[in-house]
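# Inside the fold
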Amino acid sequence: MYAQGLINASGDPNAAETTEQLARFQARIDAEEKIEARDWMPAAYRKTLIRQISQHAHSEIIGMQPEGNWVTRAPSLRRKASLLAKVQDEGGHGLYLYAAAETLGISREEMQDQLLSGAAKYSSIFNYPTLTWADIGAIGWLVDGAAIMNQIPLCRCSYGPYARAMVRVCKEESFHQRQGYEIMTTLAQGAPAQKAMAQDALNRWWTPSVMMFGPPDTDSVHSDQSMTWKIKRFTNDALRQRFVDATVPQADYLGLTVPDPDCKWNDAAQHYDIGPLDWNDFWKVVKGGGPMNRQRIAARQKADDDGAWVREAALAYAAKRSALMEAAE
Ligand SMILES: [Fe+2]
Ligand SMILES: [Fe+2]
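Calculation notes
- For every chain, the first residue of the written sequence is number 1, and numbering continues from 1 along that sequence.
- Numbering of ligands from 1 and lettering of chains from A proceed in the order in which they are written.
- In keeping with the predicted nature of the model, local features appear solely for residues at pLDDT of at least 70, side-chain atom pairs appear and are counted solely at 80 or more, and the whole-chain, interface and lining totals rest on all residues.
- Hydrogens and waters are ignored; side-chain quantities use all the structure's heavy atoms.
- Numbered from the N terminus, helices here are DSSP runs of H or I no shorter than four residues, and strands are runs of E no shorter than two.
- Between buried and exposed lies partly exposed: a residue is buried under 20% and exposed over 50% of the maximum accessible area for its type, with that area taken using a 1.4 Å probe on protein chains only.
- Contacts between residues were defined by any pair of non-hydrogen atoms, one from each residue, lying within 4.5 Å.
- Any pair of Phe, Tyr and Trp rings, taking the six-membered ring for Trp, is counted once the centres come within 6.5 Å. Such a pair is stacked with planes under 30 degrees apart, edge-to-face with planes over 60 apart, and tilted for the rest.
- The rule is short: NZ of Lys or CZ of Arg within 6 Å of the ring centre and within 35 degrees of the ring normal puts a charge over the ring.
- Polar contact criterion, stated in full: a pair of N or O atoms within 3.5 Å, where within protein one must be able to donate a hydrogen and the other to accept it, and residues adjacent in sequence count only if both atoms are side-chain atoms.
- In this description, a line fitted to the C-alpha atoms serves as the axis of each element, helices being fitted only across the stretch in contact, and the angle between N-to-C directions of two axes falls anywhere from 0 to 180 degrees.
- Here the word oblique covers every angle except those under 35 degrees (roughly parallel), over 145 (roughly antiparallel) and from 65 to 115 (roughly perpendicular).
- Under the convention adopted here, Pro, Cys and the residues Ala, Val, Leu, Ile, Met, Phe, Trp and Tyr are nonpolar, Asp, Glu, Lys and Arg are charged, and Gly plus all remaining residues are polar.

## Structural notes on the environment of Met 184
You can see Met 184 is positioned in helix H7 (residues 160-188). Since its relative accessible area comes to 0%, Met 184 is described here as buried. Separated by 72 residues in sequence, Met 184 and Leu 256 place their C-alpha atoms 9.7 Å apart. Residues in contact with Met 184, not counting those within four places in the same chain, are Ala 134, Gly 137, Ala 138, Trp 141, Ala 198, Leu 254 and Leu 256.

## Brief notes about the packing of aromatic side chains
Counted under the stated rule, the structure contains 11 aromatic pairs. When the ring of Tyr 45 is compared with that of Trp 229, the centres are 5.5 Å apart and the planes differ by 90 degrees; the resulting orientation is edge-to-face. Of this pair, Tyr 45 sits in helix H2 (residues 43-62) while Trp 229 sits in the loop between helix H9 (223-228) and helix H10 (236-254), placing them 184 residues apart in sequence. Judged by relative accessible area, Tyr 45 falls into the buried class, the value being 0%. Here Trp 229 falls in the buried class, since its relative accessible area comes to 8%. On the basis of an interplanar angle of 80 degrees and a centroid distance of 5.0 Å, the ring pair of Phe 282 and Trp 283 is categorised as edge-to-face. Judged by relative accessible area, which is 12%, Phe 282 ranks as buried. Across the ring face of Trp 70, the terminal group of Arg 73 is positioned such that the distance to the ring centre comes to 3.9 Å.

## Things to note about the environment of Asn 293
Here Asn 293 shows up in helix H12 (residues 293-306). Residues Asn 293 and Trp 283 lie 10 residues apart in sequence; the distance between their C-alpha atoms is 13 Å. Among all residues touching Asn 293, those that are not within four sequence positions of it are Tyr 122, Asn 127, Val 285 and Gly 288. In this structure the side chain of Asn 293 is engaged in a polar contact, spanning 2.9 Å, whose partner is the backbone oxygen of Val 285.

## Some points on the packing of H7 against H10
One can describe the packing of H7 onto H10 by two numbers: an axis separation of 10 Å at closest approach and a directional angle of 30 degrees. It follows from the interaxial angle that H7 and H10 lie roughly parallel. Every residue of H10 that contacts H7 at Gln 177, Tyr 181, Met 184, Thr 185 and Ala 188 is listed here: Gln 250, Tyr 253 and Leu 254. Residues belonging to the contact of H7 with H10 are distributed by class as follows: 5 nonpolar, 3 polar and no charged.

Distances and angles like these do not, on their own, reveal function.
Here is the structure:
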């Protein structure tokens, strides 16, 4: 018996996936077994993971830009060293994740082309500019804070290489979140102008951070299947609520105010309520209309162009070596 309309994981459209194969696969998932690169998997599972892991990798790499922008202007050597380490960590996260995606059969070049052509997306949060030093604090606190909420459950993702990459990534994200919160604490406890700068950064980064969890569950296209496959463990709205509940008291501690008049503790629900979010604005930024989309991709394109000679030289060197080896045989 064959399932209709599916192609085999080998990519051969003529080899259909049997319902037995699909059932066996789901049984492994339900038993919390990790799926490894060489294991049989449905083509749609592979495709979903390639999309998710490559978008995650692109987000790490593009995410280096807004903060890299402040490395030369960090207010002290200590701040500069921490920021440099953080930006470097993000580069490392991107590389682990590209490597994890490669285990699913996509090449680094293909992923890079998808990013540069706009075919692949990255987290929309990185399409906003970093206007002041306080933005570096707000990004660490809020953006890395949201990333942790999203990524801790990914350490238990059903796909082994992705889950394992996430363990180390999460440890580093926790350092990022703390360095951001420490910057915010210093500013919030500083002169009135510094406190105002911290509040202004919170005002600009709050909503995009809350939106990092993706559209509401009612509109989330990929959620149900990803939950069944245990790629995702919690829905977008559940993770968003968890982030809001953790972050609002942190803002209170700083003496700062979350820019949402509807954000209040709901005693009956034992959660913070938040006001409605403007998802049209979110989709506009995702589709390229954010303040920094063009610059972000232009910077990646330049890096790709500037690195072309290195790739060419490496290939020429490899070809020369193998010709020499052949001649010596
Ligand atoms: Fe990261
Ligand atoms: Fe980070």
